[in-house]
Amino acid sequence: MNLFSQRHFYFFLSLAPAIFFYFFLLKFGINAPFADDWSAINGFIIRFFHGDDSLLEKIALLASQCNEHREGYLSIVSLIQYAISGQINYMTLNLIGAGATLGVHVLLNGYLHRYQLPHWWIIPLAFIWYNAAYFHNVFWPVCALQHNSIVFFILCVFYVLDGKGKQSTQFAWAILLAFIAVFTSGNGFLLFAAALPILKNYRWTYWLIWSMAGTAFFSLYMWGYQHPYQRGHLTDNLHMLGSIVQIFFVYLGSFVGVFFSSSSEFRIQLSQGLGITVFLGWGVFVLRHIYQIIRQKSSLDLLLSIQLFILATALIYAVGRANLPIEYVFESRYAINSTLFLMSLCLMTWHAFPAIKSWRAWGFVGFSILYFTLSYWNNLLAVINFTSAQSAAIIKHSIQHREHYYFRDSLGQKADLGAPDLKELAQLAGPIVDFTAELPASVKYANDVVSLTFKKGFFALDGREAKLEKDFQADVASLPQAPQGKDVLKFSLEKNGLTYSGEKTRVRMSHGSDGMYAIFENAKKENWVFSLYFMELDRARQIKFHDAIYVRKAEGILPFIYLPDGDYRVKIMRVEDNQTSLVGILPHIPVRGM
């Protein structure tokens, strides 16, 4: 028996990028919420366990709306996690969401085996799949349990429908999985249309049931639905045809973005050109195989369903976001869809040219490894800026039990309209639809959730962040001094904030909470924590050393919209390997206005 011809051996090799992917999550992930998590997770947990709702109201709460989505799967996973541990653990939620990525890996391997396709294909597919472009879906719980999970459930539906077993059984399972998908993410509805290439293998009665199920699920989803204040209506953007077409093609070709840094503007033009080319090539392929697609059951059915789902998702996004900057296409959480699209295109290419010679096979593997490597190289900076910002925010919330975010009142004055005032858990409403900093009511809800979360013990900082919280509030005389000359930071007091720049400032980040921080301290010894933003990966050191992420060139602004008016001293601190050192002190920074 030739070991190298066995599918298990190739699957074992394909686990290499998966191991690195999860190691990366464990090393740099932080047990902390971000943005929507406060409403969709914490707000839900507090209301579910401590509200005075009836049983039916609690069931409805599972599918409560947050922004435009009803994330029932997120609610159930969060509920189970909290019920088991007694505290909300965001790292656990991240791991569960990231686990869906492994589920897709297993399904793709099963697909290759089902249709007796070359087993080595799983290796390049895995390297492409476990890229870092969608890091939001690894380090941000809501994204992990929405965007990762919806892709997994969509593939589950298609894989089960496309099975070779008893049709009635697999159809019933597909309906159940479709229900879960719909209440995982709003674009889950698209699977009912995307499944058409697979449904051709079923009798007309199944088509009827499928249509009825889709209609019923849509009606249930829309029952009591409210349009979010911060989202534009689809119909409002339909006249922006040029923008819709451009965004659609950029979305389809956005997987090429891994070859460029996030600051590169060339990726937009390249993505658009590639998106047009890919779409036209896809159309030609479909036309050339139209008889097989319509009349025969084949391995193409599942691929076409995946591609129809991505095409429909891209179109909905293009219409809904036509009035927004095109750069938003490259937001990390959407990259998982473009990655799935790329993998389906690879599989379709291999179908079109089945007689792949040895050197071409190695070429595909080499491309996938390059794609994997560059995805991390070009996203390390964004990852560490994201995790250090998470760390600063959760430490600040732990200290203050709120977020200070100010608005202008009717007289144009700085006003604290989002201050928390709830004392009892039962007073908190469930997740809110309009979760946005544009509305004072939304900021107040978030602050009530933050306040109750810390005061009532729903969450506690992990060891690393707890140590930093203590260090940031300690007497500066007790802290070690950072080496002189290592940091050359310049600060400038502006009307709306404190700007900083450090061309030669460098940091070695071994954990997600490492970095540089500015701590504003007032006369009452109250502290507000902010992370400093870095502009470049320290490429020379990163190539030489692989034990951490090396960044350089700090630059940004610490906006006064997040600070009460008053006089502060600002402590600049460096954190490496979770060890805090004092860089310097700005003795007097007056904060006035926003």
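Structural notes, computed from the coordinates. Model, not experiment: these values are computed from the prediction.

### Quick look at the packing of aromatic side chains
Within a pair of aromatic rings, the relevant descriptors are the distance that separates the centres and the angle that separates the planes. As enumerated under the stated definition, the model contains 57 aromatic pairs in all. Among the aromatic residues, those joined into a ring-pair cluster are Phe-171, Phe-179, Phe-183, Phe-189, Phe-192, Tyr-202, Tyr-206, Trp-210, Phe-217, Phe-218, Tyr-221 and Tyr-225. The lysine or arginine in question, Lys-58, covers the ring of Phe-48, its NZ or CZ lying 5.1 Å from the ring centre.

### Quick notes on the packing of helix H8 (residues 141-161) against helix H9 (residues 167-182)
In contact at an axis separation of 8 Å, H8 and H9 are set at 165 degrees when each is read in the N-to-C sense. By the criterion of interaxial angle, the relationship of H8 to H9 is roughly antiparallel. When you trace H8 past H9, the crossing you get is left-handed. Every residue of H9 that contacts H8 at Ile-150, Phe-153, Ile-154, Cys-156, Val-157, Val-160 and Leu-161 is listed here: Gln-170, Phe-171, Trp-173, Ala-174, Leu-177, Ala-178, Ile-180 and Ala-181.

### Things to note about the sheet that holds strand E11 (residues 566-576)
Pairing is antiparallel in the open sheet, where four strands are placed in the order E8-E7-E11-E12. Each having just a single partner strand, strand E8 (527-531) and strand E12 (579-591) make up the two edges of the open sheet. The average angle at which neighbouring strand axes cross in this sheet is 20 degrees, direction not considered. Examined bridge by bridge, strand E7 (residues 515-521) and E11 share seven bridges and lie antiparallel to one another. What sits directly across from Phe-520, in E11, is Val-570. Most of the contacts of helix H19 (residues 380-400) go to E8, to which it runs at about 170 degrees, and overall it touches E7 and E8. Against the sheet, helix H21 (residues 463-473) contacts E7, E8, E11 and E12, and its axis sits at roughly 135 degrees relative to E11.

### Some points on the sheet that holds strand E5 (residues 490-493)
Adjacent strands of a sheet pair through backbone hydrogen bonds, lying either parallel or antiparallel. Taken in spatial order, the four strands make up an open sheet running E5-E6-E10-E9, and their pairing is antiparallel. In the strand order of this sheet, the two ends are held by E5 and strand E9 (534-537), each with one partner. Strand after strand, the sheet turns through a mean of 15 degrees between neighbouring axes, direction not considered. In this structure, E9 lies alongside strand E10 (residues 549-559), joined through three bridges in antiparallel fashion. The partner of Leu-537 across the bridge, within E10, is Val-551. The sheet contacts of H19 involve strand E6 (497-509), E9 and E10, and relative to E9 the element is tilted by about 145 degrees.

### Describing the pairing of E7
Within a regular strand, side chains alternate between the sheet's two faces. Of all the seven residues making up E7, seven are buried; the element is thus mostly covered by neighbouring parts of the structure. Pairing of E7 with E8, which is carried by five bridges, proceeds in the antiparallel orientation. In the sheet register, Tyr-517 faces E8, and the bridge partner there is Ser-531. Taking the residues that link successive antiparallel strands as the turn, the E7-E8 hairpin has five residues, and the phi of Lys-525 there is positive, at about 65 degrees.

### Regarding helix H14 (residues 266-288)
Residues spaced three or four apart along an α-helix point in a common direction, a consequence of the helix completing one turn every 3.6 residues. Across its 23 residues, H14 extends 33 Å between first and last C-alpha, which sits within 8% of the 33 Å expected from 1.5 Å per residue. Taken together, the buried positions of H14 are Arg-267, Ile-268, Ser-271, Gly-275, Val-278, Trp-282, Phe-285 and Val-286. Buried residues along H14 sit in contact with helix H13 (241-253), helix H15 (290-295), helix H16 (300-320) and helix H17 (335-352).

### Describing the nonpolar core
Membership of the largest hydrophobic core comes to 191 residues, with the highest contact counts inside it found for Phe-158, Leu-161, Trp-210 and Phe-520. The contacts of Phe-158, once residues within four sequence positions are left out, are Leu-191, Ala-194, Ala-195, Ile-198, Leu-302, Ser-305, Ile-306 and Phe-309. The next biggest cluster of nonpolar side chains, apart from the first, holds six residues, and it includes Phe-407, Val-443, Ile-561 and Met-594.

### Quick notes on the layout of surface pockets
Space inside the second largest pocket adds up to approximately 600 Å³. As for the second largest pocket, its lining consists of 22 residues, and the residues nearest its centre are Ile-59, Ala-60, Ala-63, Ser-64 and Arg-70. Of all the secondary structure elements, the ones that give two or more residues to the lining of the second largest pocket are helix H3 (55-62), helix H4 (72-85) and H9. Looking at which element gives the most residues to the lining of the second largest pocket, the answer is H3, with five residues. Here the lining of the second largest pocket is built from residues that sort into 16 nonpolar, five polar and one charged.

Rules and cut-offs
- Residues numbered from 1 in each chain as written.
- Predicted model: local features only at pLDDT ≥ 70, side-chain atom pairs only at ≥ 80, totals over all residues.
- Heavy atoms only, no water.
- Phe/Tyr/Trp six-rings, centres within 6.5 Å; stacked < 30°, edge-to-face > 60°.
- Lys NZ or Arg CZ within 6 Å of the ring centre and 35° of its normal.
- Axes fitted to C-alpha atoms, helices over the stretch in contact; angles between N-to-C directions.
- Helix = DSSP H or I, 4+ residues; strand = E, 2+ residues; numbered from the N terminus.
- Parallel < 35°, antiparallel > 145°, perpendicular 65-115°, else oblique.
- Left-handed = near helix turned anticlockwise from the far one by under 90°.
- Contact = heavy atoms within 4.5 Å.
- Pairing = 2+ DSSP bridges.
- Buried < 20%, exposed > 50% of the residue type's maximum accessible area, 1.4 Å probe, protein only.
- Expected span 1.5 Å × (residues − 1).
- Core = buried A, V, L, I, M, F, W, Y, C linked by side-chain atoms within 4.5 Å.
- 1 Å grid on protein atoms, 1.4 Å probe; cavity = no way out; pocket = protein on both sides within 12 Å on 5 of 7 lines; lining within 4 Å.
- Points joined across faces, edges and corners; volume = space filled by probe spheres on them.
- Nonpolar A, V, L, I, M, F, W, Y, C, P; charged D, E, K, R; others polar.

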